[in-house]
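The primary structure of each chain is shown beneath.
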Amino acid sequence: MRLPLTAAICCLAALAQARPLERELPPARAACWERTYDAEHLASHPRQKVARIRLVHLPQNWSETGQGGFYVALYLNLRQRVKAGQSFDYQLGGICKAAGQGLRCVPEWEAGSWRIERGPNGALDIRNGGIIANPNPYDAEEIADGAVRIPAKPDDGLWRLSPASGPCGME
């Protein structure tokens, strides 16, 4: 009786320490999620700024930060394209840590925050806490000239993403 109880306690402890969304953003494998909003969606959300978004998780490039944190990057296009010749116009990276059943992600400088949660039907939801995205590419850890504010309200509070169909990499 004692052995099964000990095994159960160990299993519960391991589950408690598991990182949220480990299946969607695996610790040892690249994962990309994205969405391009169609004209119908944008017409029904006229004040939504984001027209295309990609979440990139590259553990082989960005090592774990310790204390359960890891790095992800968001790449964004707004309705009005800035640089038609490149994939994404804006970017923002942050360190994500467990927060309830999801992750809370915060840049290393004051540029807002976002949450990543499991969405319906295999989707991944990003809940915008009000972010500031820098022009892409921009490597410094500060807000750049030309950065854009993307408040959650009225129509950029939630972005629902699906697994990316193409290669997963930095944009």
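Higher on the page you've got the structure.
Note that the coordinates shown come from a computational prediction; the quantities given were computed from them, not determined experimentally.

Trainee: How would you sum up the layout of surface pockets? Please name residues and give values.
Mentor: Of the voids in this model, the largest pocket is the one considered here, and its volume is about 290 Å³. Along the walls of the largest pocket sit 17 residues, with Tyr 71, Gln 91, Gly 93, Tyr 138 and Asp 139 positioned nearest its centre. Looking at the lining of the largest pocket, the elements with two or more residues in it are β3 (70-78) and β4 (90-99).

Trainee: Give a description of the state of the cysteines that names residues and reports values.
Mentor: With the rule as written, the count across this model stands at two disulfides. Residue pairing for Cys 32: its cysteine sulfur links by disulfide to Cys 168, the two sulfurs lying 1.9 Å apart. Judged by the torsion about the S-S bond (80°), the Cys 32/Cys 168 disulfide is right-handed. Of the two residues, Cys 32 sits in strand β1 (residues 31-36) while Cys 168 sits in the segment after β9 (158-163), which places them 136 residues apart along the sequence. Judged by its relative accessible area of 8%, Cys 32 falls in the buried class. On the accessibility criterion, Cys 168 (29% relative accessible area) is partly exposed.

What counts and how
- Residues numbered from 1 in each chain as written.
- Predicted model: local features only at pLDDT ≥ 70, side-chain atom pairs only at ≥ 80, totals over all residues.
- Heavy atoms only, no water.
- 1 Å grid on protein atoms, 1.4 Å probe; cavity = no way out; pocket = protein on both sides within 12 Å on 5 of 7 lines; lining within 4 Å.
- Points joined across faces, edges and corners; volume = space filled by probe spheres on them.
- Helix = DSSP H or I, 4+ residues; strand = E, 2+ residues; numbered from the N terminus.
- Disulfide = S-S within 2.5 Å.
- Buried < 20%, exposed > 50% of the residue type's maximum accessible area, 1.4 Å probe, protein only.

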